[in-house]
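Structural description and commentary
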Amino acid sequence: MKRWSFALSLFVLPALFAGCASTHPAATETKTPMAAPKAEAAAPQMETAGPPAQTAAENAVTLWNFESKTTDGWAGTGNWSEADTVNDDPNFVKQGKYSLKINAKGSSGWNQDIAVNEGPFAPGFGKFKTITMDVYVPKESIEGLQYAQIFLVISSSANSWFQVPQDIKEGWNSLQYNIEPNEVSDDVSQVYLVFNSDLAFGGPVYIDNVVGEY
Ligand SMILES: [Ca+2]
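The following refers to the structure shown. Residue positions are given per chain, counting from 1 as you read along its sequence in written order. Only residues with pLDDT of at least 70 get local features here, since the model is predicted, and only at 80 or more are side-chain atom pairs given and counted; chain-wide, interface and lining totals rely on the full set of residues.

1. So, the nonpolar core
Counting residues in each nonpolar core, the largest one holds 42 residues, and the members touching the most others are I102, V135 and I207. Elements with a minimum of two residues in this core: β4 (99-103), β7 (130-137), β8 (148-156), β11 (190-197) and β12 (204-213). Our contact criterion uses C-beta atoms placed from the backbone: two residues qualify when those atoms are within 7 Å. In contact with V135, not counting residues within four places along its chain, are I150, I168, N173, L175, V205, Y206 and I207. The term nonpolar core means buried Ala, Val, Leu, Ile, Met, Phe, Trp, Tyr and Cys residues held together as one set by C-beta atoms within 7 Å. Remark: C-beta atoms are placed from the backbone, and a residue is labelled buried if 20 or more other C-beta atoms sit within 10 Å of its own, exposed if 12 or fewer do, or partly exposed between those counts. Only DSSP runs of H or I covering at least 4 residues are called helices, and only runs of E covering at least 2 are called strands; the numbering of each starts at the N terminus.

2. A word on unusual backbone geometry
A cis amide bond links G119 with the next residue in sequence, P120, at an omega value of 5°. Locating P120 in the fold gives a position in the loop between β6 (116-117) and β7. A positive phi angle is found at K69, which is not glycine, with a value near 60°. Within the secondary structure, K69 is located in the loop between β1 (60-64) and β2 (74-75). Accessibility expressed as a C-beta count within 10 Å gives 11 for K69, which makes it exposed. The residue N182 is not glycine, and still its phi comes out positive at about 70°. For N182, a count of 10 C-beta atoms within 10 Å corresponds to the exposed category.

As structure tokens, then:
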């Protein structure tokens, strides 16, 4: 929650100070008297946000970690409507107590119905440079497959179908999806995890610790 409020301040404050000639924090403070009244009201928030050194370290937002003991809005559609559940087996959790279990058994080829999220989404979603996540693939889920991938697909007004693929292998995978500039705007409507494989998955895949970085 702390990160969320901080991330919010990252975007609110620059917007409030947009009237100033410079966005440098020191320059902004000295120019506060020239700014509109609402800019003065925002000054105490800037103090709680801390010095620039902390800003650099706090450039990530946890998007989904499933510690709410829910799927955090992830669900399958159509024939896959029962595919997404929350997992509490610690063997398949990277952080905390819970992860997302996607039952991919029988999924073959391109499957964009297996995991869809319609929000609400974290503020500033359109400014992420990367989205990372930890994925656990049990041996029996992927055995015999020549290739298996999870595409991250982000739908927004900038691009209704921005997609990035990543290969997955048996065991833990640390996946990083690079977001191209101007391909995702803040008005995200859906995020998909699209499964793609040559043959059918034999079981579930677990997702945890999905993080967006600016
Ligand atoms: Ca977790």
